[in-house]
Amino acid sequence: MPHAFPLFPQEASTIAPAVDHLFYFLTAVSIFFASLIFLLIFYFAVKYRRRSKDEPAPKNQVINNIPLEVTWTVIPMILVAIMYLWGAEIFVRNAQPPPNALEIFVIGKQWMWHIEHNNGKREINALHIPAGVPVKLTMTSQDVIHDFSVPAFRMKMDVVPDRYTTEWFEATQPGKYRLFCDQYCGMGHALMRGWVYVMTPQDYQRWLTSGVTGQTMAEQGAALYNQLGCVTCHGTGKGPPFAGLYGRTVKLSDGTTVVANDAYIRESILDPSAQIVNGYPAIMPTFKGQVSEEQILQLTAYIKSLASTKSNTGAP
Amino acid sequence: MSSQEIAIEPKLNYLNCDYSIKSWLLTTDHKRIAWLYMMAITFFFTVGGIAATLMRLNLLEPQGLLVEPETYNKLFSIHGIIMVFFFLVPSIPAVMGNFLLPMMLGARDVAFPKLNLLSWYIFMTGGSLVLYTVIAGGVDTGWTFYTPLSTLYLNTHVMAAAGGVFIAGFSSILTGLNFVVTIHKMRAPGLTWFRLPLFVWAMYAASIIFIIGTPVIAISLFLIVVERIFHVGIFDPSLGGDPILFQHLFWFYSHPAVYVMILPSMGVISELITAFSRKRIFGYHFVAFSSVAIAAIGFLVWGHHMFISGQSVYAGLVFSALSMAVAIPSAVKVFNWTATLYKGSISYEAPMLYALGFIGLFTIGGLTGLYLATTGLDQHVHDTYFVIAHFHYIMVGGAVMGYLGGIHYWWPKMTGRLYPDGWARVAAIIVFVGFNLTFFPQFILGYLGMPRRYAVYPPEFHTLNVISTAGASILGLGYVIPLIYLAWSLRYGPIAGPNPWKATGLEWTTSSPPPTHNFEETPIVTEEPYRYDRLAEEIHVA
Amino acid sequence: MWIFLATEIMFFGGLFTGYTVYRNLYTTAFETGSHLLNARIGALNTAILIASSLTMALAVHSAQTGKRAKLIFFIISTMCLGAAFLLIKFFFEWTHDYAEGFVPGLHFTYAGPHASHVALFMCFYFIMTGVHALHMVAGEGVLTVLLIMAWRGRFNQERYNAIEMMGLYWHFVDIVWIFLFPLLYLLGARF
């Protein structure tokens, strides 16, 4: 690699070969058609060059050939349809993280990446992940739109304020891969970059547990749950209980249902009156301005950790 | 190329009838207005080009050779804003469209000549505001003005820049309106729709886009200004606003805008290919309808700029499919132009070199658009140098080559003078070579992952950036040379005569330069365009 | 003129799009905001504007039949009705809204639930009616010019194109209001 003149980034994720193969197909089609046009132009320009200044214009000019028009409309249509479907398959796969994916949280802000692992370990401008394990990033921005891009994984996704976006990948080999911010975000945009460190699963475990003296995200969330007073309602029946809540379908007061995912929990904290759970009064105050994005993620982690331990008695 | 008879410059034409400044600044003659636009956009191209020069020089070093990131961000913003809104969008429509449209239709002027002049003044007002932005310290939003960066997080001259573009938009709208009415209402007797030159079809399609699309960007920029002044939360997520709504509104115009930039150029190419191969266009109806199809479908594909914006996957799939659809008419045109060369009688004057260069470069640009329309692939190359290479192939390799080809082709008509074709051919080749050297490496850079709008970059991208900058210096040279010999030709060029290229088209039946009222008598049209097969005699002076 | 109106549709269209998106997201807040507006005054203004479209149509008819006096009368009527609309909007509604603290960015003191979303509603209310009012002011200006021309006898059965064009424009501005009124003033059942 150091000696070669690189034309491609390393293929370091499970989706990278698929993307590259699609790229080869498009390049083959492009080279074919570009060469065809270039050669035809060159050939015609030479063969039919005007040989004398006063050479008359050609008579009996061919100006129409419907079969030809149809052919060179239909063949491109077929080719682009192939490109479309092939690309769509990859795109849809990219939008469906496996259910057992390892979740890591990313907060982008001008001009750095804050990353937090479930066990509370934090990093800045670096992301350590294990190889061979699908990793799902749940991301939000604290200010403007950013983009978390890892060319070696052939993956990127915008990071938007006030909502969560996700991307997932499964790294295939240990190594160090560039991480870029890929949505212009102001002065420090070009400096908002770092490295993704892919490690063997054992190394990753060792790294993950080393130097962590603090609490896991879920534990920090539990602390916040008490500190911020959530327990006074949600622990006493005045508000919906959290046991087994995450991932469950929730019935709302207007009759519709919603899945209790990250975005739902975040909205419930920041704008509680937007969606009221059926059977409960709309008395929850907003915590906007009182919790940071990081704290919201920690609270979410805590709620996720609450498996249903006893049967729900009449709770929605 | 030289006429058999001695060409005499006509006594009174639209240029020498009045030399006063007032006659120029208050003119309602579409031909003079075309010159006003040409001077203006040449100036803006220079400003945008200087910005590009500084950018490419800066990128010679990974750490940034010349400027701080803050300044670099202002440079790429102003490069984009000026090149898109003050060069590419007006270029062919406002210069060549204004000059040629009435002549190609056999008319004396456009439908609303005073509105035409007003358009130019509106354009200059918008342009002045943007120049003020540059002088006052610049703007660093990028030409895309994405929120909430542009509304909440920048304290550069965002409102002035947005205001300048907003105002200039009205110039486009009025020009589009003028052209549509002119084409509908002012065709010469016998000039049915399918006897129109393809340049006119291209102008028509572009005008539709002007009319329907421009107001949407006007409102988008207007809302940005409102949000900045009143601090309301239209795009501010903390106040309930949606930053992605801006992207939808912005791209709803800005995607059709790119078709505004390329369709007129395609129209020019149709004229050049036929004239310099002395052939009728192959598949006239297909080319004409393709222009309209591109304009229409072009309004439905804006979301392909937003595949990874947080937009839903379903929306992405729909936009991707439609984007594939819009590629087909462009391909059809390329094939038809190539087929036009078959069994032609081809000469290689500068306009033809530009036209042939266009076909090659536009083909590459168009094909690389497919990479971006393919969702799974776009997820890798979105917002990288791949995108930059793609759109420069279309904008510069396409639109600018068409513009230069058209300028060279119609220069004798506009000025009555011939330019030295040897120099022109050299310049065309320099542009072609310099262009490819500048932008082809950027495809590679993009696939390698280099993001766009980066003032500094990791060292592994160094070599390709150096190649690109070297190419840019050659490209720049290619642009400067025509300025010199074209200016020279105004004084010292041989007299052109009414039809130095022996081309068909109503514009060539009148003198060069034409009289103010274009035609001594209203022409009557009896056949389709490009009837080179019937062109046997010399064209006489009108 | 039709083409120009097409551009106007796109211009307002952008605003309507934004409005629709937010109305969908924040239905309750938008209904609350709508209730803060005075629908009666809005209805009065709607009636005034429809009447002005009638007088404008009558003006066009007068021009077509060459009745100079009637033409002048109906232009003046249209102008007066348009001015009444603007007066009511600016001097009754907007001053009242300002006093009540409904103007985001300048003076917004509404403190109920979803205040920021209500502010968003008010934002669209002021922008949309403001842009509409701007178009009406421009219309009044053109009507003034046409009035002067009519006074000077410039129009007759053969030459009345400008009046017809103005009629189209005025009807368009009226139609925009007819969309704006229910969308802004009549959200959520109130009767």
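Only a predicted model underlies this, so the values are computations on that prediction, with no experimental measurement involved. (Residues numbered from 1 in each chain as written. Chains lettered and ligands numbered in written order. Predicted model: local features only at pLDDT ≥ 70, side-chain atom pairs only at ≥ 80, totals over all residues.)

Novice: Please clarify how the overall build of chain A should be interpreted in this entry.
Specialist: Secondary structure summary: chain A contains 7 helices and 12 strands in total. Against the compact-globule benchmark of 20 Å for 316 residues, chain A has a radius of gyration of 28 Å, which places it well outside the compact range. Along the longest, intermediate and shortest principal axes, the C-alpha atoms of chain A span 100 × 55 × 40 Å. The contacts in chain A between residues at least 6 apart in sequence include a share of 69% that link residues at least 24 apart. (Helix = DSSP H or I, 4+ residues; strand = E, 2+ residues; numbered from the N terminus. Rg over C-alpha atoms; globule rule 2.2 N^0.38 Å. Contact = placed C-beta atoms within 7 Å.)

Novice: Just to check I follow, could you spell out the domain arrangement of chain A for this structure?
Specialist: Note on interface size: it is often stated as the accessible area lost on association of the parts. Residues and elements named next belong to chain A. Its domain assignment divides chain A into domain 1 (1-44 + 63-214) and domain 2 (217-305). Distance from the C-alpha centre of domain 1 to the C-alpha centre of domain 2: 33 Å. Listed as interface residues are 10 residues of domain 1 and, on the opposing side, 9 residues of domain 2. Going through the elements one at a time, strand S1 (102-109) and strand S5 (134-141) are the ones with two or more residues in the side of domain 1 that touches domain 2. The residue inventory of the side of domain 1 that touches domain 2, partitioned by class, reads 3 nonpolar, 5 polar and 2 charged. (Domains from an automatic or database assignment. Nonpolar A, V, L, I, M, F, W, Y, C, P; charged D, E, K, R; others polar.)

Novice: Can you walk me through the environment of Gly476 of chain B in this structure?
Specialist: Residues and elements named next belong to chain B. In this fold, Gly476 is placed in helix H15 (residues 462-492). On the basis of neighbour count, Gly476 is assigned to the partly exposed category, with 18 C-beta atoms found within 10 Å. Taking C-alpha positions, Gly476 is 38 Å from Val181, a pair spaced 295 residues apart along the chain. Apart from the residues within four sequence positions on either side, Gly476 is in contact with Gly49 and Thr53. (Buried ≥ 20, exposed ≤ 12 C-beta atoms within 10 Å, placed from the backbone.)

Novice: What's the story with the sheet that holds strand S7 (residues 155-159) of chain A in this structure? I'm lost.
Specialist: Paired through their backbone hydrogen bonds, the strands of a sheet run either parallel or antiparallel. Residues and elements named next belong to chain A. What the 5 strands build is an open sheet, ordered S4-S10-S9-S6-S7; its pairing is mixed. Across the chains shown, the open sheet's two edge strands, defined by having one partner strand only, are strand S4 (126-130) and S7. Neighbouring strand axes in the sheet, compared pairwise and without regard to direction, differ in orientation by 20° on average. Its contacts with the sheet place helix H3 (residues 201-209) against S4 and strand S10 (194-199), and it is angled at close to 130° to S4. (Pairing = 2+ DSSP bridges. Axes fitted to C-alpha atoms, helices over the stretch in contact; angles between N-to-C directions.)

Novice: Hey, could you run me through the sheet that holds S5 of chain A in this one?
Specialist: Residues and elements named next belong to chain A. As summarised here, the arrangement of the 5 strands in space is S3-S2-S1-S5-S8, forming an open sheet in which the pairing is mixed. Where the open sheet ends on each side, the last strands, each with one partner, are strand S3 (122-124) and strand S8 (165-170). Strand-to-strand twist across the sheet, computed as the mean angle between neighbouring axes with direction ignored, equals 25°. Direction of pairing for S1 relative to S5: parallel, over a ladder of 7 bridges. Residue Glu103 lies in a different strand from S5, and its bridge partner there is Lys136.

Novice: Can you walk me through helix H2 (residues 66-94) of chain A in this structure?
Specialist: Residues spaced three or four apart along an α-helix face the same direction, because each turn holds 3.6 residues. Helix length check: H2 of chain A, at 29 residues, gives a terminal C-alpha distance of 42 Å against a target of 42 Å (1.5 Å per residue), a fit within 8%. Taken residue by residue, H2 of chain A has Trp72, Pro76, Leu79, Val80, Met83, Tyr84, Gly87, Ile90, Phe91 and Asn94 of chain A as its buried positions. Check the buried side of H2 of chain A and you find it contacts helix H1 (16-47) and S7 of chain A together with helix H10 (313-341), helix H11 (350-373) and helix H12 (375-381) of chain B. (Expected span 1.5 Å × (residues − 1).)

Novice: So what exactly am I meant to see when it comes to the pairing of strand S9 (residues 175-181) of chain A here?
Specialist: Residues in a regular strand project their side chains so that they alternate between the two faces of the sheet. Residue and element names in this part refer to chain A. The buried fraction of S9 amounts to 5 of the 7 residues, a majority that puts the element mostly inside the structure. Across 2 bridges, strand S6 (residues 146-150) lies against S9 in antiparallel orientation. What sits directly across from Ser149, in S9, is Phe180.

Novice: How do you make sense of the packing of helix H6 (residues 158-185) of chain B against helix H1 (residues 2-25) of chain C when you look at a structure like this?
Specialist: The relative placement of two packed helices comes down to the angle between their axes together with the axis-to-axis distance. For the pair H6 of chain B and H1 of chain C, the least separation of the axes is 10 Å and the interaxial angle reads 145°. When you trace H6 of chain B past H1 of chain C, the crossing you get is right-handed. Between H6 of chain B and H1 of chain C, the contacting residues are Ile173, Leu177, Val180 and Val181 of chain B on the first element and Ile3, Phe4 and Thr7 of chain C on the second. Looking at side-chain class alone, the contact of H6 of chain B with H1 of chain C contains 6 nonpolar, 1 polar and no charged residues. (Left-handed = near helix turned anticlockwise from the far one by under 90°.)

Novice: Help me out: how do you make sense of the interface of chain B and chain A in this one?
Specialist: Across the contact, 74 residues belong to chain B and 71 residues belong to chain A. For the side of chain B that touches chain A, the secondary structure elements donating two or more residues are helix H3 (69-105), helix H5 (149-153), helix H8 (243-277), helix H9 (284-297), H10, H11, H12 and helix H14 (421-448) of chain B. Here the side of chain B that touches chain A takes 14 residues from H10 of chain B, the largest share from any one element. In terms of residue class, the side of chain B that touches chain A is built from 45 nonpolar, 21 polar and 8 charged.

Novice: I'm lost on unusual backbone geometry in this one. Help?
Specialist: Most peptide bonds are trans, and most residues other than glycine sit at a negative phi. All names here are of chain B. In this chain, Thr147 is followed by Pro148 through a cis amide linkage whose omega measures -10°. Mapped onto the elements, Pro148 comes out in the loop between helix H4 (113-136) and H5. At the junction of Ser512 and Pro513, the peptide bond is cis and its omega measures out at -10° in the coordinates. Tracing the chain through its elements places Pro513 in the segment after H15.

Novice: Would you take a moment to explain the packing of helix H2 (residues 30-58) of chain B against H4 of chain B for this structure?
Specialist: Residues and elements named next belong to chain B. Contact geometry for H2 and H4: axes closest at 10 Å, N-to-C directions at 10°. In terms of axis orientation, H2 runs roughly parallel to H4. The two elements H2 and H4 cross, and the hand of that crossing is left-handed. Only Pro113, Asn116, Leu117, Trp120, Phe123, Met124 and Gly127 of H4 make contact with H2, whose side of the interface consists of His30, Ile33, Leu36, Tyr37, Ala40 and Phe44. A class-by-class count of the residues in the contact of H2 with H4 yields 10 nonpolar, 3 polar and no charged. (Parallel < 35°, antiparallel > 145°, perpendicular 65-115°, else oblique.)

Novice: How should the confidence of the model for chain B be read in this particular structure?
Specialist: The predicted coordinates ought not to be read in detail in places where the model reports low pLDDT. Residues and elements named next belong to chain B. Summary statistics for chain B give a mean pLDDT of 92 and a share of 97% for residues scoring 70 or more. Predicted confidence for residues 1-5 stays below pLDDT 50, and this span has 6 contacts to residues more than four positions away or in other chains. Here the predicted complex carries an ipTM of 0.90, next to a pTM of 0.89. (pLDDT = per-residue confidence, 0-100.)

Novice: What should I look at first to understand the nonpolar core in this one?
Specialist: Soluble globular proteins tend to pack their nonpolar side chains together in the buried interior. Formed by 322 residues in total, the largest nonpolar core has its most connected members in Val200, Ala205 and Leu263 of chain B together with Cys123 of chain C. Broken down by element, the residue count for this core peaks at 23 residues, all from H3 of chain B. Here this core spans two domains, since at least three of its residues come from each of domain 1 (1-44 + 63-214) and domain 2 (217-305) of chain A. Other than its neighbours up to four places away in sequence, Ala205 of chain B contacts Leu263, Ser291, Val292, Ile294 and Ala295 of chain B. (Core = buried A, V, L, I, M, F, W, Y, C linked by C-beta atoms within 7 Å.)

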